[in-house]
Amino acid sequence: MTHVLEFKVKDPALAEQGNLLIEWASAHMPVLSQIRQRFEKEKPLRGATLGACLHVTKETAVLVQALKAGGAKIALCGSNPLSTQDEVAAALAKIGVNVYAWRGETREEYYWCVNKVIDHEPVITLDDGADLVGTLHSKRTEALRAVKGGTEETTTGVVRLRAMEKAKALKYPIVAVNDAYTKYLFDNRYGTGQSTIDGILRATNVLLAGKNFVVCGYGWGGRGLAARARGMGAHVVATEVNPVRALEAVMDGFQVMSLREAARIGDIFVTVTGDTSVIRKEHMTQMKDGAVIANSGHFNVEIKIPDLDSLASSKRTLRPNLEEYRLRNGKKIYLLAEGRLVNLASAEGHPSEVMDMSFANQALCVEYLMKSKKLESKVYDVPKEIDDKVARLKLKSMGIRIDNLTLEQERYIASWEEGTV
Ligand SMILES: NC(=O)c1ccc[n+]([C@@H]2O[C@H](COP(=O)([O-])OP(=O)(O)OC[C@H]3O[C@@H](n4cnc5c(N)ncnc54)[C@H](O)[C@@H]3O)[C@@H](O)[C@H]2O)c1
């Protein structure tokens, strides 16, 4: 390996503040703390270089500490130009993590950081959105030789990886951490639900009670967001393209309609689809004066910002993460956090308690990949034992006991002979 730059962060002097944030997160991540303690003794990752492209938050720092305790060396970059917590990046650099991340990276700087991580020749990649994997497979193929496996954190990344697998382009095995029950049922649903509202409130401080709150996409993130917005007293409208999910939203008690209809009545719009160009010109022109639009999906393509730009006669920043667009039709539309995921750009991302489970899966899957010998270049589910283990550890940390099957019940469930009695 040639000489590699050790780190690049906004301001190394922020490390002390970062340590306090990490301490707070760690206190709410008991499962990962237990894994860290075991890793410290067993060193299952001894000597391995890990390359991570994850939101650089206080929770990610707790994961990084656990992986380091397991004996790994870590190179880290952010998985979004606006999601890095600069204090946390500084704290990680101070403990010897090769971190390349700061809030407000340009597109060019963002990929520079991704490439810096690849310079470390990682043996395992940890990705959130598949930009690291994408870069490795397109522009840095020479570094593929060193890679044994990888993990993927989010729905959008898994969708991209499955497309790569289908096209036979994927060159190493990747575990879809997103698809573990102990990830998406909690992180995508309750994490996105709460933190998206947190991001909207920090940017606007508007009252949600009585507002028409439009959720575009009733998937795991959308379900959580709709539930939490209702809890704050908003009238929630869901839009969908999938008939089953639309029906589910109806029976969950939400209004469902096309976005064209919703555009006229909505006060706040949030996209969480993983899709592109969901809110477009034809919707923007129909919106009420003062409508707020935000995105909580992975990429900033869900709101077609070039459309907003083309409709606007001027724009200005009113508060951090709040831009006012004056449209030529005389109305104003407010865009939050440049259309990037609002919960990370305008708040702190998911609460530590849910990241505890997501990142416990990450840590255990990295260990699993290091031990496994015969995996093909495919997308793998998280092994059921890991998923169950994370759930059990989480319940234990909450002081909750559950029942066990009796022998009779085990036999009964496994048999077919017994029917109507
Ligand atoms: N903000 C965060 O911290 C965070 C956390 C988890 C996931 N995500 C991201 O959020 C996005 C959604 O994730 P998910 O787990 O909810 O996915 P999901 O697949 O469960 O749900 C997405 C839903 O959007 C619907 N959809 C697609 N195109 C649409 C359109 N044009 N209009 C309306 N609905 C449409 C789909 O039918 C689906 O029901 C992904 O990009 C994911 O990576 C973000």
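Before going into details, it helps to say that this report is about the structure given with it. These figures come from a predicted structure and were not determined experimentally.

Let us now look at helix 8 (residues 181-204). Because the α-helix completes a turn every 3.6 residues, residues three or four places apart line up on one side. The end-to-end C-alpha distance of helix 8, which contains 24 residues, comes to 33 Å, matching closely the 34 Å that a straight helix rising 1.5 Å per residue would cover. A maximum bend of about 35 degrees is found in helix 8 at T192. A positive backbone phi angle near 55 degrees is found at N205, which sits one or two residues after helix 8.

Around the ligand sit 28 residues in total, of which T154, T155, T156, G221 and E240 are the nearest. A distance of 2.6 Å separates an oxygen atom of the ligand from a polar atom in the side chain of T154. Within the side chain of N188, one N or O atom sits 2.9 Å away from an oxygen atom of the ligand. In isolation the ligand offers 860 Å² of accessible surface; the protein chains occlude 87% of this area. Put simply, the parts of the chain that give the shell around the ligand at least two residues each are helix 7 (155-166), helix 8, helix 9 (220-231) and helix 14 (342-345). No other element matches helix 8, which puts three residues into the shell around the ligand. Of the residues in the shell around the ligand, the class split is seven nonpolar, 17 polar and four charged.

What follows is about the side chain of D387. Within the element layout of this structure, D387 appears in helix 16 (residues 384-397). For the buried D387, no salt bridge is present, and the opposite-charge side chain at shortest range is K384, 7.7 Å distant. A distance of 2.5 Å separates polar atoms of two side chains, one belonging to D387 and the other to T182. Contacts of D387, omitting those with residues within four sequence positions, involve A180, Y181, T182, N361 and V382.

L50, L67, L76, L92, V99 and L126 are the most contacted members of the largest nonpolar core, which totals 51 residues. In terms of residue count, helix 15 (residues 352-371) provides more of this core than any other element does, nine residues in total. With residues up to four places along the chain from it excluded, the contact list for L50 reads L45, L67, A72, K73, I74, A75, P122, I124, L126 and V366. Listed in part, the 27 residues of the second largest apolar core include V215, L225, A226 and A337.

With that settled, the discussion passes to the pairing of strand 13 (residues 322-327). Counting buried positions along strand 13 yields five of six residues, so the element is predominantly enclosed. Inspection of the sheet shows strand 12 (residues 312-319) paired to strand 13 by six bridges, in the antiparallel sense. Across the sheet, A312 pairs through a bridge with L327, a residue of strand 13. A loop of two residues connects strand 12 with strand 13, the two strands running antiparallel in sequence, and N321 in this loop sits at a positive phi of about 65 degrees. Bridge analysis of strand 13 against strand 14 (residues 332-336) gives five bridges, and the strand direction is antiparallel. Pairing of R326 across the sheet is with K332, part of strand 14. Linkage of strand 13 to strand 14, two consecutive antiparallel strands, is achieved through a turn of four residues, within which G330 is found at a positive phi near 95 degrees.

With that out of the way, let us pick up helix 3 (residues 58-69). For helix 3, with 12 residues, the first-to-last C-alpha span of 17 Å sits near the 16 Å given by 1.5 Å per residue. Taken across its 12 residues, helix 3 has 11 buried, putting it largely inside the fold. Within helix 3, burial applies to K58, E59, T60, A61, V62, L63, V64, Q65, A66, L67 and A69. Looking one or two residues beyond helix 3, the residue adopting positive phi is G71, at roughly 105 degrees.

As a working rule, side chains carrying opposite charge can pair if their charged atoms are close by. Inspection of every chain in the model, using the stated rule, returns 25 salt bridges. Residue R36 is joined to E40 by a salt bridge in which the shortest nitrogen-to-oxygen separation is 3.8 Å. With a gap of four residues between them, R36 and E40 both fall in helix 2 (residues 30-42), about one helical turn apart. Among the residues examined, R36 registers a relative accessible area of 29% and is labelled partly exposed. The exposure class assigned to E40 is partly exposed, which follows from its relative accessible area of 41%. With its nearest N and O atoms 3.8 Å apart, the salt bridge here joins R260 to E282. On the criterion of sequence distance, the pair formed by R260 in helix 11 (residues 259-265) and E282 in helix 12 (residues 281-284) is long-range, its members being 22 residues apart. For R260, a relative accessible area of 49% translates into the label partly exposed. Salt bridges linked by common partners bring K58, E59, D198, R202 and E348 together as one network.

The rules behind the values
- The numbers attached to residues start from 1 for each chain and follow its sequence in the written order.
- Residues qualify for local features only when their pLDDT is at least 70, as the model is predicted, and side-chain atom pairs are given and counted only at 80 or more; totals for whole chains, interfaces and linings, by contrast, use all residues.
- Hydrogens and water are ignored here; the side-chain numbers use all heavy atoms of the structure.
- To qualify as a helix, a DSSP run of H or I must reach at least 4 residues; to qualify as a strand, a run of E must reach at least 2; elements of each kind are numbered from the N terminus.
- Here, expected helix span is obtained from the residue count minus one, scaled by 1.5 Å.
- The bend at a residue is defined as the angle formed between two axes, one fitted to the seven residues ending at that residue and one fitted to the seven starting there.
- Nearness is judged by heavy atoms alone; a residue qualifies as near a molecule or strand once a single heavy atom is within 4 Å of it.
- N or O atoms within 3.5 Å of each other form a polar contact, as long as, within protein, one can give a hydrogen and the other can take it, and as long as residues adjacent in sequence are counted only when both atoms are side-chain atoms.
- Accessibility throughout is a Shrake-Rupley quantity obtained with a 1.4 Å probe, and a residue counts as covered only by protein chains that appear here.
- Under the grouping applied here, Gly and all other residues not named as nonpolar or charged are polar, the nonpolar ones being Ala, Val, Leu, Ile, Met, Phe, Trp, Tyr, Cys and Pro and the charged ones Asp, Glu, Lys and Arg.
- The cut-offs for exposure are 20% and 50% of the maximum accessible area for each residue type, with area from a 1.4 Å probe on protein chains only; residues under the lower value are buried, those over the upper are exposed, and the others partly exposed.
- We count Lys and Arg on the positive side and Asp and Glu on the negative side, and we leave His and both chain ends out.
- Each reported salt bridge corresponds to a side-chain nitrogen of Lys or Arg within 4 Å of a carboxyl oxygen of Asp or Glu.
- Only heavy atoms enter the contact rule, under which two residues are in contact if any of them lie within 4.5 Å.
- Buried Ala, Val, Leu, Ile, Met, Phe, Trp, Tyr and Cys residues form a nonpolar core when they are joined through side-chain atoms within 4.5 Å.
- Here a strand pair is declared whenever DSSP counts at least two bridges between the two strands.

Worth remembering: the numbers are spatial, not functional.
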